[in-house]
Amino acid sequence: MTRADRVVVILAVALLPFLYMTYWGPSQQGDALRVMVNGKETMTVSLHADKHITVHGSLGDSVIDVDQGKARFISSPCRGKQCVHTGWLGQGGEFAACLPNRVSIAVIAEEQRYDSIVF
Amino acid sequence: MTALYFNTTREDHRIAWLAALAITLHIVESALPSPIPGVKPGLANIITIIALIQFGWSTAAWVNLLRVLVGSVLIGSFLSPTFILSLAGALSSILVLRLASWLPGRGFGPIGYSVLAALAHMAGQFYTAYLLFIPHAALFHLLPVLMTAAVIFGIISGYIAHLILGYGSRPLAH
Amino acid sequence: MTFPDKTPRGWILLLMLLFLNACDIQQAQLHQQQFLLFGTLVDISLWSDDKQKTENAIAQITTDLEKMHNEWHAWHDSPLTRLNKALAAGQPGTVPPSMIPLLQKSIALSNASDGLFNPAIGRLINLWGFQQDDAPSNTPPDAARIQDLTTAQPKMQDLVLAHDQLTSRNPNVQLDFGAIAKGYAVDLAIEKLRALGIHNAIINAGGNLRAIGKHGDRPWRIGIRNPRGPGVLASIEARGDESMLTSGDYERFFEYQGKRYHHIIDPRTGYPARGFTSVTVIYPDAATADAASTALFVAGPQHWRDIAKKMGLQYIMIVDDKGHVTMTPAMAERVRFELNPAPNFSIVALP
């Protein structure tokens, strides 16, 4: 082992933690969706598995679509359909709510891009 | 009909011999299962490093390139995405080895070269994959693991090369 | 090979430290919770390493917010509805103690905004169907009725407050604090947090946000929602203690024959204000920011600058009905667009 060898090996090994910190570190893309009914958390689902979720609220069932790392309300028993109009949520911190049905969904990422969203 | 003659030199023989070894290793390795696709121990790299140290950079470069080209033809992956990635990796490591061979003084030994080559190889493959095939930010999630494997296998290959070279300076090809 | 001996232990220690750092122990200090309160989604973020204090604080402010919501409710039976009944009958009504400062503040802000922020138009809001829990019906009300209520000109100046007794010179005055209540409640909640020893927090009640302190060692990052489309339009970093508020035509509305009728009614016309889709204001206290964003929305493209000057506002961002963004110079410095491609924008100074 020459001295140069040692330096290379040490630097290479030292590089690794930085890679983990950078690329395994907090991701901003949402990882999970927190579903709440009546202000209480009922479930948290991964955003990485496409699916439909039916949530029972006080007016009826809201259906949430999880697709390609994003989520949205597809249907809800409310009249205004504000929740549906909110559209796709993908970044940590984003959320939509069907207030009449008391159902809300929020995207959680390990580190939120935004601490809060004014809407 | 006249026969075609090529004037082959000693160096050509040497390269052919080494390349054959490397290709064999390459093919054997490609048959091994890998937990993460695209991550191979890079055993063929051992030959490249030995070639580099014994016979110089240009021999090593040829051996590496031939390994990728011929290896992929034999495996049947010529011009496939796998081939393109291997080629990118090979070119990157050749380039880095060239730069490394200019280091003055005692320079690098087999382990140093091997680690450098492995890192360059993995980086070349990764970025080519990112640019050409999977331009998703999510791909970077794999980078730390891939580089860890590269470092580990780089050290192991280098050590093996060291062992082989350490048994005197018996020429591997004539 | 002499590798192991020569490797300094210091290197290994360094590597271990680097790995540990990667775990980001700081995450344990952010407490975030969401509640359905005050008729909307309330999002509370606290930065504190005292879990007990945090939980206690959240419990207290959620109770407070619920209480205020019930007391100031514009259509469920509440001290406010009882007050409104008295005013409509030409009688003096009793103002509960918690409502007096709110009322006084509303009068002051109404004056400052030339009456464009006007909580006395409860009857109009009711007529348009925005005083109910569910979405309004899908048709605009009768034009004649709108006309009647508009010409009646109910305004805050019609009110006379003596101690806790309120009388109105105009029986058409019906108080609806919708355009200021959440902001005001957020102010009170922030004061409460401070009193409880928490100095780094965000309270966001349905888009009425006030932030104090920081997220650890970095400022709080606030996103402004895209009024027409998913995701975030722009982000701003909070500085010290300030409120950010957006009034938009997408919060409560209905569409009829291709036209959108939303809940921000212009007291001068009796119809929803036209010209803007969202107005964002940054101001120290949330109550003023709330009233101001409403007033600017009503003022529309012609008069917003004058009202802004009158109310002493500095940070304003407006999105008009064509998607064009207008900002004051001070706001432009702070805003970072998050849409790709970024929207067209212009910077307009106040007079």
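Details of the structure are given in the entry above.
Residues numbered from 1 in each chain as written. Chains lettered and ligands numbered in written order. Predicted model: local features only at pLDDT ≥ 70, side-chain atom pairs only at ≥ 80, totals over all residues. Heavy atoms only, no water.

1. Section: the environment of C:Val281
Residues and elements named next belong to chain C.
Here comes step 1: When you line up the elements, Val-281 lands in strand β13 (residues 276-283).
Here comes step 2: In this structure the C-alpha to C-alpha distance between Val-281 and Ala-292, which are 11 residues apart in sequence, comes to 7.3 Å.
Here comes step 3: Val-281 has contacts with Ser-243, Met-244, Leu-245, Ala-289, Ala-292, Ser-293, Leu-296, Leu-313 and Tyr-315, leaving out every residue within four places of it along the chain. (Helix = DSSP H or I, 4+ residues; strand = E, 2+ residues; numbered from the N terminus. Contact = heavy atoms within 4.5 Å.)

2. Structural notes on the sheet that holds strand β7 (residues 103-108) of chain A
All names here are of chain A.
Here comes step 1: The strand order across the open sheet built from 4 strands is β2-β1-β7-β6, with neighbouring strands paired in antiparallel fashion. Unpaired on one side and paired on the other, β2 (40-46) and β6 (95-98) mark the two borders of the sheet. Mean inter-strand twist for the sheet, computed between neighbouring axes without regard to direction, equals 20°.
Here comes step 2: Inspection of the sheet shows strand β1 (residues 32-37) paired to β2 by 6 bridges, in the antiparallel sense. Looking across to β2, one finds that Arg-34 is bridged to Thr-44. (Pairing = 2+ DSSP bridges. Axes fitted to C-alpha atoms, helices over the stretch in contact; angles between N-to-C directions.)

3. A word on the packing of aromatic side chains
The geometry of an aromatic ring pair is captured by two quantities: the separation of the ring centres and the angle between the planes.
All names here are of chain C.
Here comes step 1: Within this structure, the stated rule accounts for 11 aromatic pairs over all chains.
Here comes step 2: Between Phe-254 and Tyr-261, the ring centres sit 5.4 Å apart and the planes meet at 20°, which makes this aromatic pair stacked. Exposure class is identical for Phe-254 and Tyr-261. Each is buried.
Here comes step 3: Measuring from ring centre to ring centre gives 5.4 Å for Phe-337 and Phe-345, while their planes differ by 40°; the resulting arrangement is tilted.
Here comes step 4: The exposure class assigned to Phe-345 is partly exposed, which follows from its relative accessible area of 43%.
Here comes step 5: An aromatic cluster is defined as three or more aromatic residues linked by ring pairs; in this entry it consists of Trp-128, Phe-130, Phe-254, Tyr-261 and Tyr-271. (Phe/Tyr/Trp six-rings, centres within 6.5 Å; stacked < 30°, edge-to-face > 60°. Buried < 20%, exposed > 50% of the residue type's maximum accessible area, 1.4 Å probe, protein only.)

4. Thoughts on the packing of helix α1 (residues 3-23) of chain A against helix α6 (residues 143-166) of chain B
Angle between the axes and distance between the axes: these two values describe a pair of packed helices.
Here comes step 1: Closest axis-to-axis distance for the α1(A)/α6(B) pair is 9 Å, and the angle between their directions is 165°. Between α1(A) and α6(B), the interaxial angle falls into the category roughly antiparallel. Viewed along their axes, α1(A) and α6(B) form a crossing whose handedness is left-handed. Across the interface between the two elements, A:Val9, A:Ala12, A:Val13, A:Leu16, A:Leu19, A:Tyr20 and A:Tyr23 of α1(A) pack against B:Leu143, B:Pro144, B:Val145, B:Met147, B:Thr148, B:Val151 and B:Ile155 of α6(B).
Here comes step 2: Taken together, the residues of the contact of α1(A) with α6(B) break down into 13 nonpolar, 1 polar and no charged. (Parallel < 35°, antiparallel > 145°, perpendicular 65-115°, else oblique. Left-handed = near helix turned anticlockwise from the far one by under 90°. Nonpolar A, V, L, I, M, F, W, Y, C, P; charged D, E, K, R; others polar.)

5. Details of the interface of chain B and chain A
It is common to give the size of an interface as the accessible area lost on bringing the parts into contact.
Here comes step 1: Facing 22 residues of chain B, the contacting portion of chain A comprises 13 residues.
Here comes step 2: Together, the buried faces of chain B and chain A total about 1,500 Å²; carbon and sulfur atoms form 76% of this surface.
Here comes step 3: Inspection of the region where chain B meets chain A yields 0 salt bridges.
Here comes step 4: Where chain B packs against chain A, one counts 4 residue pairs in polar contact (both at pLDDT 80 or more).
Here comes step 5: Listed by contribution, the elements that provide at least two residues to the side of chain B that touches chain A are α5 (110-133) and α6 of chain B. (Buried area = accessible area lost by both parts, 1.4 Å probe. Salt bridge = Lys/Arg side-chain N within 4 Å of Asp/Glu carboxyl O. Polar contact = N/O pair within 3.5 Å; in protein donor to acceptor, adjacent residues only side chain to side chain.)

6. Overview of the state of the cysteines
All names here are of chain A.
Here comes step 1: Throughout the structure, instances matching the rule amount to 0 disulfides over all chains.
Here comes step 2: The closest cysteine sulfur to the non-disulfide-bonded Cys-98 is located on Cys-78, 3.5 Å from its own sulfur.
Here comes step 3: With a relative accessible area of 1%, Cys-98 lands in the buried category. (Disulfide = S-S within 2.5 Å.)

7. As for unusual backbone geometry
Here comes step 1: The phi torsion at A:Arg102 lies on the positive side, around 60°, for a residue other than glycine.
Here comes step 2: In this structure, A:Arg102 sits in the loop between β6 and β7.
Here comes step 3: Although it is not a glycine, C:Asp114 sits at a positive phi angle of roughly 55°.

8. Brief notes about the sheet that holds strand β3 (residues 93-94) of chain C
All names here are of chain C.
Here comes step 1: Taken in spatial order, the 3 strands make up an open sheet running β3-β5-β4, and their pairing is antiparallel. Edge positions in the sheet fall to β3 and β4 (159-162), since each of these pairs with one other strand and no more.
Here comes step 2: With 2 bridges connecting them, β3 and strand β5 (residues 165-168) associate as antiparallel partners. Within β5, the residue paired with Thr-94 across the bridge is Gln-165.
Here comes step 3: Along the sheet, helix α4 (residues 79-88) contacts β3, β4 and β5; its crossing angle with β5, the most-contacted strand, is approximately 45°.

9. Digging into the interface of chain A and chain C
Here comes step 1: Each side of the interface is counted separately: chain A has 38 residues, and chain C has 49 residues.
Here comes step 2: Taking both partners together, chain A and chain C bury about 3,900 Å²; carbon and sulfur atoms supply 59% of that area.
Here comes step 3: Summed over the shared surface of chain A and chain C, the result is 1 salt bridge.
Here comes step 4: Residue A:Asp115 pairs with C:Arg218 through a salt bridge whose shortest N-O separation is 2.9 Å.
Here comes step 5: Inspection of the region where chain A meets chain C yields 11 residue pairs in polar contact (both at pLDDT 80 or more).
Here comes step 6: For the side of chain A that touches chain C, the secondary-structure elements that each account for two or more residues are α1, β1, α2 (82-86), β6, β7 and β8 (116-118) of chain A.
Here comes step 7: If you tally residues by element for the side of chain A that touches chain C, the top one is α1(A), at 9 residues.
Here comes step 8: Where β8(A) and strand β8 (residues 221-225) of chain C come together, 3 bridges link them in parallel fashion. Within β8(C), the residue paired with A:Ser116 across the bridge is C:Ile222.

10. Focus: the pattern of salt bridges
Here comes step 1: Counting across every chain of the model gives 20 salt bridges over all chains.
Here comes step 2: A salt bridge links A:Asp65 to A:Arg72; its shortest N-O distance comes to 3.8 Å.
Here comes step 3: Judged by its relative accessible area of 8%, A:Asp65 falls in the buried class.
Here comes step 4: What makes A:Arg72 partly exposed here is its relative accessible area of 29%.
Here comes step 5: For the salt bridge of C:Arg210 with C:Glu191, the shortest nitrogen-to-oxygen distance reads 4.0 Å. One end of the pair, C:Arg210, is in strand β7 (residues 208-212); the other, C:Glu191, is in helix α8 (residues 181-195), and 19 residues separate them in sequence.
Here comes step 6: Here C:Arg210 falls in the buried class, since its relative accessible area comes to 6%.

Keep in mind that these numbers describe shape and distance, not what the molecule does.
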